[in-house]
Amino acid sequence: MSGSGEGWASDGLDDVAGVGSGLWVRGVDYMAGWRVAREAADQLNFALLLAEFEPSELRALAATDDDGRGVVRLVGLPAAAVRLSGLLEKLADGDSGGAR
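On a predicted model such as this, the values are computed, not experimentally measured, just so you know.

Quick notes on the rules
- Residues numbered from 1 in each chain as written.
- Predicted model: local features only at pLDDT ≥ 70, side-chain atom pairs only at ≥ 80, totals over all residues.
- Heavy atoms only, no water.
- Helix = DSSP H or I, 4+ residues; strand = E, 2+ residues; numbered from the N terminus.
- Buried < 20%, exposed > 50% of the residue type's maximum accessible area, 1.4 Å probe, protein only.
- Areas by Shrake-Rupley, 256 points an atom, 1.4 Å probe, with all protein chains shown as cover.
- Salt bridge = Lys/Arg side-chain N within 4 Å of Asp/Glu carboxyl O.
- Phe/Tyr/Trp six-rings, centres within 6.5 Å; stacked < 30°, edge-to-face > 60°.
- Lys NZ or Arg CZ within 6 Å of the ring centre and 35° of its normal.
- pLDDT = per-residue confidence, 0-100.
- Contact = heavy atoms within 4.5 Å.
- Pairing = 2+ DSSP bridges.
- Patch = residues over 30% accessible without salt bridge, like charges linked within 9 Å, V, L, I, M, F, W, Y side chains within 5 Å.

1. Points about the overall build of the protein chain
Scanning the protein chain for helices and strands turns up two helices and two strands. Along the protein chain, helices (α) and strands (β) appear in the sequence α-β-β-α when read from the amino end. A buried classification covers 26% of the 100 residues belonging to the protein chain. Here the protein chain displays about 6,800 Å² of accessible surface, and carbon together with sulfur accounts for 56% of that area.

2. What about the pattern of salt bridges?
As enumerated under the stated definition, the model contains four salt bridges in all. As a salt-bridge pair, Arg83 and Glu57 come within 3.5 Å of each other at their nearest N and O atoms. A residue pair is termed long-range when its members are at least 10 positions apart, and Arg83 in helix H2 (residues 78-94) and Glu57 in the loop between helix H1 (30-50) and strand S1 (58-64) qualify at 26 residues. The closest approach of N and O atoms between Asp67 and Arg69, which form a salt bridge, is 3.3 Å. On the basis of relative accessible area, Asp67 is assigned to the exposed category, the value being 54%. Salt bridges sharing partners connect three or more residues here, namely Asp65, Asp67 and Arg69.

3. Overview of unusual backbone geometry
A positive phi angle is found at Glu52, which is not glycine, with a value near 70°. When you line up the elements, Glu52 lands in the loop between H1 and S1.

4. Digging into the packing of aromatic side chains
Under the defined criterion, the tally for this structure stands at zero aromatic pairs. Note that Arg83 overlies the ring of Phe53, its terminal NZ or CZ placed 3.9 Å from the centroid.

5. Topic: the confidence of the model for the protein chain
Per-residue confidence for the protein chain gives a mean pLDDT of 81, with 71% of residues at or over 70. Taken as a whole, residues 1-20 scores under 50 in pLDDT and shows 40 contacts with residues more than four places along the chain or in a different chain.

6. Quick word on the pairing of S1
Of all the seven residues making up S1, seven are buried; the element is thus mostly covered by neighbouring parts of the structure. What you see with S1 is no split at all: Leu58, Ala60, Ala62 and Thr64 on one side and Arg59, Leu61 and Ala63 on the other are buried throughout. As paired elements, S1 and strand S2 (residues 70-76) share seven bridges and run antiparallel to each other. Along S2, the bridge assignment pairs Thr64 with Gly70. The antiparallel hairpin formed by S1 and S2 contains five residues in its connecting segment, where Gly68 sits at a positive phi of about 90°.

7. Thoughts on a nonpolar patch on the surface
A contiguous nonpolar surface patch, about 220 Å² in accessible area, is contributed by Leu44, Val72 and Leu74. Tracing the sequence through the fold places Val72 in strand S2.

This is the structure in structure tokens:
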């Protein structure tokens, strides 16, 4: 998250890499990568809602990298990230076959 933080949880095309930075490369299909990332971000956001995280405190955002591959960024408040970390650690500790 950068700047004033306004609009950090927007789900518009402003999350596609290159929109604000001018890094568009002719011939790279950024939209295809963004669509894949958007589906994954939607799934993650649904799981975060089930875990009782509010979108204003923690949210997955779809984006693309320089090559047009979809990426998902997790952005939010530090306290929410700490809470998520604790939940993930509990899941890992409860899984006898999990790697650490």
